[in-house]
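The chain contents come next:
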Amino acid sequence: MVVTRFAPSPTGYLHIGGARTALFCWLLARHTGGTMILRIEDTDQKRNTPTATAQVIEDLRWLGIDWDEGPQVEGPNGPYFQSQRLDIYKKYTQQLLDKGKAYYCFDTPQELNEMRDSAQKEKRNFLYPRPEKFPDEADVEQARAEGRPVVIRCCMPNEEITVSDIVRGEVKFGAGEFSDFIIQKSDGYPTYHFACVVDDELMKVTHVIRGQEHLMNTPCHIALQRALDFGTPNYAHMSVTISEGGGKLSKRERGKALKKAIKEKPELDKDELASIGKVAIDELEKFLKGKAQIEQENITILAEHLGVHLPEINIVDFFQSGYLPEAMVNFISLLGWSTGDDREIMEIDELIKAFDVTRFAKTNSLFDRKKLLSFNTEHMKMVDKDVLVRHFKKYLAAVNSPMKDAEDGMLKTILTINEGTKTLEAVEQKSRFLFLVDDAIEYDEKAVKKVLLKGDGLAMLQIVRDRLGALEELTEQAIENMLRGLAEEKEVGLGKVAQPLRVAICGNTVSPPIFNSIELLGKETALKRIDITLSRFRNR
RNA sequence: GGUCCCAUCGUCUAGUCAGGUCUAGGACACCGGGUUUUCAACCCGGCAACAGGGGUUCGAAUCCCCUUGGGACUACCA
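Residues numbered from 1 in each chain as written. Chains lettered and ligands numbered in written order. Predicted model: local features only at pLDDT ≥ 70, side-chain atom pairs only at ≥ 80, totals over all residues. Heavy atoms only, no water.

**Regarding helix α3 (residues 86-99)**
This is how it is decided: Think of it this way: any DSSP run of H or I at least four residues long counts as a helix, any run of E at least two long counts as a strand, and we number them from the N terminus. Helix span is expected to be 1.5 Å times the residue number reduced by one. Per-residue accessibility, obtained with a 1.4 Å probe over protein chains only, is compared with the maximum for each type, and a residue is labelled buried under 20%, exposed over 50%, and partly exposed between these values. The directions considered for the arc run from the helix axis to the C-beta atoms. The contact criterion used throughout is that any non-hydrogen atoms of two residues lie within 4.5 Å.
Spanning 14 residues, α3 covers 20 Å between terminal C-alpha atoms, matching the ideal 20 Å at 1.5 Å per step. The complete set of buried residues in α3 reads Y89, Y92, T93, L96 and L97. Projection of α3 onto a plane perpendicular to its axis shows the buried side chains occupying an angular sector of 145 degrees, all on one side. Facing away from the buried surface of α3 by more than 90 degrees, the exposed residues are D87, K91 and D98. Check the buried side of α3 and you find it contacts β3 (102-105), β4 (151-154), β7 (181-184), α6 (192-202) and α7 (218-227). Immediately downstream of α3, the backbone of G100 shows phi near 75 degrees, a positive value.

This is the structure in structure tokens:
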């Protein structure tokens, strides 16, 4: 029976890397009919934020990743928040202490730093100097009384440790390479290494799938397992996904993009920017010089103000950019994994069926947004229409679109006539004119000049208006017949007839197919918009 | 600095473990053409890679060594 777990630390929204780890764990569990556990690793009191768990859960749910044990569903091996398992960890640290496999330390951060610095100077690996005699309870009391930090370290055995990894094979680590590491912090919380090992054992986890950044930690975990008489799960350390700029896919990317955009427009008033972005002017200057970071929120505000498209990093960013979870899941699954045949575009069931842990790639991969976009375009066509409507509604509400209160039937029609559009965002942008108040249409200058003012665009629009008004029923077919007939009659291309009409009803040259657009708009509105357009531009 | 991992088109990758069927396959991007009422979508075609050097072998993308390049870790963060 396979048991996998995704164990995020709640420090913010779920990012691509986390989603990838979660997805593969989930895929393995679902492929094998095993169990998927969600465990919240909230042992860092400083970094955890109260809302992060909820954010991560929401992102997972959006992606369609569910779990059999964990928050909200519970299960036999709970609690699933590490902060609620402190007594369990205490029991095992005590066990190690009793066996002489762990010991107390009282070093201050400064002392530790000095030791590290001198090791660095001598160009050797820092190994914590294990005392001849371990401190006893009395020493602990005394250290506490002196106000020194009290931590517990685990003894690393002086022997070679081999990690047997599904992705990388046997990886050997030499004896004496590892320092005695801390398993219990001075605040009484366990460190990641310790909590992780204990929980994986108690929760009967059989497969640990995680990023390769953890490969170096694994010998420590194995040492801990041996000291505690635990088993060793199967490990799969996946390659890392890096961003297009190189380096880790991280929030910093967003700052970089904003910085670049601002630098490209030297005419911008920095003081004004600072006030808009709600940052101090000197902070902004520092940020632009690359000497400091500013908060994500401020970055977002400034980017919106400048119309800069920030790279999406977190799963929510992709949601807000109109991506489909089906596409995200499909695309992420192909980051460092493949089916072995030429299949790429897959629905989730096919993915589950095809999943095979032994097919992970060893090389790091770059996150290619263009390919993601293409995947999204494909899934926009594939996803069941009703499901698509659901995604669309959620998206519209999140971005507070004027379309957000539209009926399902209407949304379905809009999605249908927009088939081939790359994202929900693009559908929204192309179709929102249908929901604006008639005189709220913003005319794109270029479109007006090119289509209405140049040549006889306005004259043509007048004719179209008259014929449209004469139609009894504005069906797609009737509109098409009328427009095509008109074009033929005037011996011009359909574009000459349709484009002025398009600009009149939506303000620019881009919209869903014109026949559908007019039908959806309705006769009254369509005529009204044409009239508004005519009177507005006739005398220019 | 130390330890560990990795190396095929611009990008994601198949092929590597069990060497020949690889004049290296697919996808995205890009370029050219077609279709077209706009933007897309769609159809056809094209460009494009085994990091370098040594071995082993009848034969190497595939096995071994070195070089180079990339990455991870080196916390009382996970």
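**Points about the pattern of salt bridges**
Convention followed: The term salt bridge refers to a side-chain nitrogen of Lys or Arg lying within 4 Å of a carboxyl oxygen of Asp or Glu.
Counted by the stated rule, this structure contains 23 salt bridges. Note that D200 and R39 form a salt bridge whose closest N and O atoms lie 2.9 Å from each other. Taken as a pair, D200 in helix α6 and R39 in the loop between β2 (35-38) and α2 (52-63) lie far apart in primary sequence, 161 residues in all. Each of the two residues, D200 as well as R39, counts as buried. Where D44 meets R47, a salt bridge forms, and the shortest distance between an N and an O atom there is 3.6 Å. A relative accessible area of 52% places R47 in the exposed class. Shared partners join several salt bridges into a network, and the residues in it are R5, R39, E41, R85, D199 and D200.

**Some details on the environment of S118**
Our working rule: Polar contacts, as counted here, are pairs of nitrogen or oxygen atoms within 3.5 Å of one another; within protein the pair requires one atom able to donate a hydrogen and one able to accept it, and residues that are adjacent in sequence qualify only if both atoms are side-chain atoms.
Looking at where S118 falls in the secondary structure, it is placed in helix α4 (residues 109-121). A polar side-chain atom of S118 sits 3.0 Å from the main-chain carbonyl oxygen of M115.

**Points about the sheet that holds β7**
Stated formally: By definition, two strands form a pair when at least two bridges between them are found by DSSP. In this analysis an axis means a line fitted to C-alpha atoms, helices contributing only their contacting stretch, and an angle means the value between N-to-C directions, from 0 to 180 degrees.
If you trace the three strands from one edge of the open sheet to the other, you get β3-β4-β7, paired in antiparallel fashion. If you trace the sheet from one side to the other, it starts and ends with β3 and β7, each paired once. Direction aside, the axes of adjacent strands within the sheet are offset by 45 degrees on average. As paired strands, β4 and β7 are joined by three bridges and run antiparallel to one another. What sits directly across from I152, in β7, is Q184.

**Here's the deal with the protein's contact with RNA strand B**
Note the cut-off: Working definition: residue near molecule or strand if any one of its non-hydrogen atoms lies within 4 Å of it.
Surrounding RNA strand B, one finds 66 residues, the nearest of these being R168, K185, E344, K430 and R502. In RNA strand B, atoms within 4 Å of the protein come from the sugar-phosphate backbone in 73% of cases. The contact in question runs from a sugar or linking oxygen of RNA strand B to an N or O atom on the side chain of D44, over 3.1 Å. The separation between a phosphate oxygen of RNA strand B and a polar side-chain atom of E378 is 3.1 Å. Those elements that place two or more of their residues in the surface near RNA strand B are α4, β6 (169-173), α6, β11 (365-366), α15 (369-382), α22 (494-506) and α23 (514-521).

**A word on the side chain of T533**
Inspection of the secondary structure puts T533 in helix α24 (residues 523-537). Side chain to side chain, T533 and Y443 meet in a polar contact 2.9 Å long. Residues in contact with T533, not counting those within four places in the same chain, are Y443, L452, L461 and A504.

**As for the pairing of β2**
Applied cut-off: The handedness of a crossover follows from its direction of travel: if, with the strands pointing away from the viewer, the path from the first strand over the helix to the second runs clockwise, the crossover is right-handed.
What you see with β2 is no split at all: T35 and I37 on one side and M36 and L38 on the other are buried throughout. With four bridges joining them, strand β1 (residues 3-6) and β2 adopt parallel strand pairing. Paired with T4 across the bridge in β2 is M36. Running through helix α1 (residues 16-32), the crossover from β1 to the neighbouring parallel element β2 is right-handed.

**A word on the state of the cysteines**
Such a bond, covalent and formed between the sulfur atoms of two cysteines, is termed a disulfide. Counted only if it meets this: Our working definition of a disulfide is a cysteine sulfur pair at a distance within 2.5 Å.
As enumerated under the stated definition, the model contains zero disulfides in all. Considering cysteine sulfurs only, C196 is the nearest to C25, which forms no disulfide, with 11 Å between them. No disulfide involves C105; its sulfur sits 9.1 Å from that of C155, the nearest cysteine. Take C105: its relative accessible area is 2%, and that puts it in the buried class.

**A few points about the nonpolar core**
Under the convention used in this document: Residue types Ala, Val, Leu, Ile, Met, Phe, Trp, Tyr and Cys, when buried and joined through side-chain atoms within 4.5 Å, form a set referred to as a nonpolar core.
Counting 99 residues, the largest nonpolar core has M328, F392, L468 and L501 as its most contacted members. Among the elements that take part in this core, α1 stands out by supplying ten residues, more than any other. In this structure M328 touches I16, W62, L63, I315, F318, Y323 and L372, once residues within four positions along its chain are discounted. Y92, Y104, F173 and Y235 belong to the second largest nonpolar core, which has 38 residues in total.

**Describing the packing of helix α21 (residues 476-490) against α23**
This is how it is decided: An angle below 35 degrees is treated as roughly parallel, one above 145 as roughly antiparallel, one from 65 to 115 as roughly perpendicular, and anything else as oblique. In this scheme the handedness of a crossing depends on how the near helix is turned from the far one: anticlockwise by less than a right angle means left-handed, clockwise means right-handed. Side-chain classes follow a simple rule in which Ala, Val, Leu, Ile, Met, Phe, Trp, Tyr, Cys and Pro form the nonpolar group, Asp, Glu, Lys and Arg form the charged group, and the remainder, Gly included, forms the polar group.
At a minimum axis distance of 8 Å, the contact between α21 and α23 shows a crossing angle of 125 degrees. By the angle between their axes, α21 is oblique relative to α23. With respect to the hand of their crossing, α21 and α23 are arranged in right-handed fashion. Facing E476, I479, E480, L483 and R484 of α21, the residues of α23 in contact are I514, F515, N516, I518 and E519. Looking at the contact of α21 with α23, its residues break down into five nonpolar, one polar and four charged.

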